[in-house]
Amino acid sequence: MAKRETHKEDKSNWPLFNRLLYSYIELTRFDELPENPKIGKNYEYWPEGRLCANGNPYHGCIRLGSKNKLIIGFSGGGVSVNEYTAARPQRIGGKGEMFYSDDVRFADIVPKVGTFGKGKKNPFKEWNLLFVPYATGDFHCGTGDFNYKDIDGKKAVLYHHGYKNYRALLKKIKELVPEPEQILVTGFSAGAFATALLASDIAEYFPDCHNITACVDSAIMHYDWHKVSRDVWKTPDEISERLTGTEIVSDSLIALHKSHPEIKIMFCCSKRDAALTQMDMFFEDGRWIPDKAAGLSFERKLSNMINNLIEAIPDISIFIFDTPDKNNKAAELTVHCLCGSNGAFSTYVDGVSCAEWMRRGVDGEVMKLGLNKLNGDLNL
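These notes cover the structure that comes with them. Everything numeric in this text was worked out from a predicted model, so none of it was measured. (Residues numbered from 1 in each chain as written. Predicted model: local features only at pLDDT ≥ 70, side-chain atom pairs only at ≥ 80, totals over all residues. Heavy atoms only, no water.)

## Quick notes on the environment of Lys164
And then number 1: Mapping Lys164 onto the fold places it in helix H3 (residues 162–176).
And then number 2: Taking C-alpha positions, Lys164 is 9.7 Å from Gly49, a pair spaced 115 residues apart along the chain.
And then number 3: Residues in contact with Lys164, not counting those within four places in the same chain, are Arg50, Gly142 and Thr143.
And then number 4: From its side chain, Lys164 meets the backbone oxygen of Thr143 in a polar contact 3.3 Å long. (Helix = DSSP H or I, 4+ residues; strand = E, 2+ residues; numbered from the N terminus. Contact = heavy atoms within 4.5 Å. Polar contact = N/O pair within 3.5 Å; in protein donor to acceptor, adjacent residues only side chain to side chain.)

## A short note on the pairing of strand E6 (residues 144–149)
And then number 1: Residues of E6 alternate between two faces, with Gly144, Phe146 and Tyr148 buried on one and Asp145, Asn147 and Lys149 left unburied on the opposite face.
And then number 2: Judged from the six bridges that link them, E6 and strand E7 (residues 155–160) form a sheet pairing that is antiparallel. Bridging across to E7, Asp145 finds its partner in Tyr159. (Buried < 20%, exposed > 50% of the residue type's maximum accessible area, 1.4 Å probe, protein only. Pairing = 2+ DSSP bridges.)

## What about the pattern of salt bridges?
And then number 1: For the coordinates displayed, the defined rule picks out 19 salt bridges.
And then number 2: Among the ionic pairs, Arg272 bridges to Glu299, the shortest N-O distance being 2.7 Å. Within this pair, whereas Arg272 is found in the loop between strand E10 (264–270) and helix H8 (274–285), its partner Glu299 is found in helix H9 (residues 292–312), the two being separated by 27 residues in sequence.
And then number 3: Here Arg272 falls in the buried class, since its relative accessible area comes to 10%.
And then number 4: With a relative accessible area of 2%, Glu299 lands in the buried category.
And then number 5: Where salt bridges share partners, they join Lys271, Arg272, Lys292, Glu299 and Glu332 into one cluster. (Salt bridge = Lys/Arg side-chain N within 4 Å of Asp/Glu carboxyl O.)

## Quick look at unusual backbone geometry
And then number 1: Of note, Phe139 is a non-glycine position whose phi angle comes to about 55 degrees, a positive value.
And then number 2: Note that Phe139 resides in the loop between strand E5 (128–132) and E6.
And then number 3: Phi angles above zero are rare outside glycine, and Glu332 is one such case at about 55 degrees.
And then number 4: Structurally, Glu332 is set in the loop between strand E11 (317–321) and helix H10 (343–346).
And then number 5: Among the residues examined, Glu332 registers a relative accessible area of 39% and is labelled partly exposed.

This is the structure in structure tokens:
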């Protein structure tokens, strides 16, 4: 098993809040996975040889539950598609363009909250949990090393090893939970893209489980994903070959429905998602600060995507919400993601919380909530 390694970074210029947050996280890290893990306790699992984008060792989180059911949760944290984005990873207290998380040092927060936590309101709190942190910029589906020059012009390597990391964690959870009777594959932001891309992979890894749900929380983005997945991330061919259009999630979910029609598919997103609007605008014309026009453009694209999904997957469940994003009031954008936070319990649409919508969807109930919040033309 790989040993923990503290990420070495000069914190002297960080804001006080960020330094305190980092210290808190370091003090509340999980224990490493023992030979006989206890039920209900979060553990870190460090698979041998697995790497973050920056070359540091990678780990995931495992928690055994009292029910023979399994939730596989993919974390978010941006994306890298070329040399320009590779040279600009996220930094605490950083400013300007930052595109992806390159280390897992903050991943252990998420299994404590939302639909991944152990809180009383979480309908999945008694399930086994495999939480897959994000630290590779490749929607959890890369296998290659990407050479680039950093912002100082020095040669560097981005380890797009998301698929290798995820498969190492999947192998371990199958040793611990070999035959789950039910599986929920979900994720937020970059992890939502991973949910769409990898649900079929998980279904094939657990061939005896015939009750699987894939729940995508906040993901839609237009780009040449086939080229990126093939040339930059080195994604396995069976995944990249599905990406025939410019919208990666609808391509993946429609392919998933065709190959595994028994899998229940769910999609959640806010109408003018601030983070997705920002990236959509950047990929479209290179601008970084989103405005109201960009939000309206995103909403139209979201409406078109939902049209396509409903036409191809009539039994898809949908949850559209419109909680304002406090950091983007002028642009009238909405918040990004729910399932990885306690917003899953406090955000209601048509009298149903996001967490309750997820629970009922996992149980087989198809609910399309919040479609009337969209201004686009929906052919319902």
